[in-house]
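A look at the structure
The lines below spell out each chain.
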Amino acid sequence: MTTDILVYLAAFGGGFLGAAFGALFAFSFVGITLLAGIAIAISTGDASWISLISFGPFFGPHISFGPFFGPHISFAGGVGAAAYAYRRGYLSGVRDIATPLVSLAKPDVLLVGGLFGVGGLIVHDIVSIIPWLGTHTDLPGITVVISGIAARLIFGKTGIIGTNSEGLTGSAKFRPNDKDCWVRYQEGWGNAAILSLGAGLLSAWATVALTQAFPEAAGSVVLLGFGVSATSLVFLTLGAAVPVTHHMTLIAALGAANFLTITGSPLAAVLIGTCFGIISGLAGEAFSRLWQIRGDTHVDPPASAIWPMTVVVLTIAGLF
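What comes next concerns the included structure. (Residues numbered from 1 in each chain as written. Predicted model: local features only at pLDDT ≥ 70, side-chain atom pairs only at ≥ 80, totals over all residues. Heavy atoms only, no water.)

A few words now on helix α10 (residues 224-237). Spanning 14 residues, α10 covers 21 Å between terminal C-alpha atoms, matching the ideal 20 Å at 1.5 Å per step. For α10, the tally of buried residues reaches ten of 14 residues, placing the bulk of the element in the interior. Here α10 has its buried residues at G225, F226, G227, S229, A230, T231, S232, L233, V234 and T237. Looking at the buried positions of α10, the neighbouring elements they touch are α2 (23-44), α8 (189-213) and α11 (246-263). Following α10 by one or two positions, G239 adopts a phi angle in the positive range, close to 105°. (Helix = DSSP H or I, 4+ residues; strand = E, 2+ residues; numbered from the N terminus. Expected span 1.5 Å × (residues − 1). Buried < 20%, exposed > 50% of the residue type's maximum accessible area, 1.4 Å probe, protein only. Contact = heavy atoms within 4.5 Å.)

Structural data, given as structure tokens:
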């Protein structure tokens, strides 16, 4: 467990920042700072910018890769604050994580964001000491899911799963409709698979190519696909119909990086990484149907896919 009071103060500030800007904008900042950090790491071999800013208490979203285990801070802070604002009637949009909450002019909302930032740090540290799981999953990813579920249980009214707006039950309950949906234009198993194929392939290729070109920055360059995916969400926040792909690009990169070492074959690594990216994209779609689309607060589908898929990739890689 972290004992440095300064880290907890920074986590409070990061959660406060995520609430002020809104969770989605804050997550986009992660991508922007990450791209800058990758450039610094390639130039100097020093990844401190990434570990302290992109994945540390300043932004700390929900990703861990190689040596970087930054706790989710700003994104979870924004999600928790949005759930609180919705419950208090300050925010009208269901599952709204795009609105900068400073616009509500409610200081209590921002303070709740700070508290969720601290809570995220605590949960992250607790999960990290669980035998086996703590070293075989994406710690911030699983923490974001736990934090999102907690926010829904505390502030939401629908429960974890929610009810279908059309009154459907059984397996039909989980089918998206115009009201119960996540990213409407990319939903559907076929759409998710094809999108994952393209995004995962590019991320896996970039991982292999840049790792070979800049081996001294291997722990940083593998995050390029994720950085681009995260940065692109600023356009989603502004209303453009861009895809949500960071769970695809991250897992594809993770698979490619691990199996490049195992196989020694760039082609095999790219193909294997792409396959993992496709599975992760389908998992994100499945989790969106499980507990996102019928709830009144946000439980992140990409994070829901990232943490179990990290377990899958690292477990399979460990067999070799």
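To find leftover empty space, a probe the size of one water molecule is rolled over the atoms. Size it by volume and the largest pocket reaches roughly 410 Å³. Lining the largest pocket are 22 residues, with L24, I97, W182, V183 and L236 sitting closest to its centre. Sorting the residues of the lining of the largest pocket by element identifies α2 and α10 as the ones contributing at least two each. Here the lining of the largest pocket gets three residues from one element, more than from any other, and that element is α10. Considering only residue class, the lining of the largest pocket consists of 14 nonpolar, four polar and four charged. (1 Å grid on protein atoms, 1.4 Å probe; cavity = no way out; pocket = protein on both sides within 12 Å on 5 of 7 lines; lining within 4 Å. Points joined across faces, edges and corners; volume = space filled by probe spheres on them. Nonpolar A, V, L, I, M, F, W, Y, C, P; charged D, E, K, R; others polar.)

Looking now at the pattern of salt bridges. Oppositely charged side chains can form a pair if their charged atoms are brought close together. A full pass over the atoms with the stated rule returns four salt bridges. D178 is the partner of R184 in a salt bridge, and the nearest nitrogen-oxygen pair spans 2.8 Å. Overall, the relative accessible area of 35% leaves R184 in the partly exposed class. For D178, a relative accessible area of 67% gives the class exposed. The salt bridge partner of E285 is R289, with a shortest N-O separation of 2.8 Å. (Salt bridge = Lys/Arg side-chain N within 4 Å of Asp/Glu carboxyl O.)

Bringing the side chain of R95 into the picture now. Within the secondary structure layout, R95 lies in the loop between α4 (74-88) and α5 (107-128). Comment: no salt bridge for buried R95; closest opposite-charge side chain is D180, at 5.6 Å. Looking at R95, its side chain comes within polar contact range of the main-chain oxygen of I293, at 3.0 Å. Once residues lying within four places of it in the same chain are set aside, the contact partners of R95 are K179, C181, Q292, I293, R294, G295, D296, T297 and H298. (Lys, Arg positive; Asp, Glu negative; His and termini not counted. Polar contact = N/O pair within 3.5 Å; in protein donor to acceptor, adjacent residues only side chain to side chain.)

Taken as a whole, this structure holds ten aromatic pairs when the rule is applied. Note on F259 and F320: the rings are 6.0 Å apart at their centroids and 70° apart in plane angle, and the pair reads as edge-to-face. Here the residue F259 occupies a position in helix α11, and F320 occupies one in the segment after α13 (301-319), the gap between them amounting to 61 residues. For F259, a relative accessible area of 5% puts it in the buried group. Ring pairs connect the aromatic residues Y84, Y90, F116 and F155, which therefore count as one cluster. (Phe/Tyr/Trp six-rings, centres within 6.5 Å; stacked < 30°, edge-to-face > 60°.)

One finds F27, L34, F55, F75, L223, F226 and I251 to be the most contacted residues of the largest nonpolar core, which totals 39 residues. Broken down by element, this core gets its largest block of residues, seven residues, from α2. Among the nonpolar cores identified, the runner-up in size contains 16 residues, and A19, L104, L110 and F155 belong to it. (Core = buried A, V, L, I, M, F, W, Y, C linked by side-chain atoms within 4.5 Å.)

Within the secondary structure layout, R152 lies in helix α7 (residues 139-155). At 4.6 Å, D296 is the nearest oppositely charged side chain to R152, a buried residue that forms no salt bridge. If we skip the residues at most four places from it in the chain, R152 touches T158, G159, I160, W291, Q292, G295, D296, T297, H298 and V299.

Moving on, we get to empty space enclosed by the protein. The full count for this structure, using the stated rule, is two cavities of 30 Å³ or more. In this structure, the largest cavity encloses a volume near 50 Å³. In terms of lining residues, the largest cavity is bounded by F75, A76, V79, G80, F116, V144, S147, G148, H298, V299 and D300. Residue assignment for the lining of the largest cavity shows that the elements contributing at least two residues are α4 and α7. When residues in the lining of the largest cavity are grouped by element, the largest group, four residues, is from α4. For the lining of the largest cavity, the class distribution of residues is six nonpolar, four polar and one charged. In this structure, the second largest cavity occupies an estimated 40 Å³ of space. In this structure, the second largest cavity is lined by A82, A83, Y86, L91, G93, R95, D96, I97, D296, T297 and H298. Here the lining of the second largest cavity is built from residues that sort into five nonpolar, three polar and three charged.

Everything listed here is a matter of coordinates, which is why it stays silent on function.
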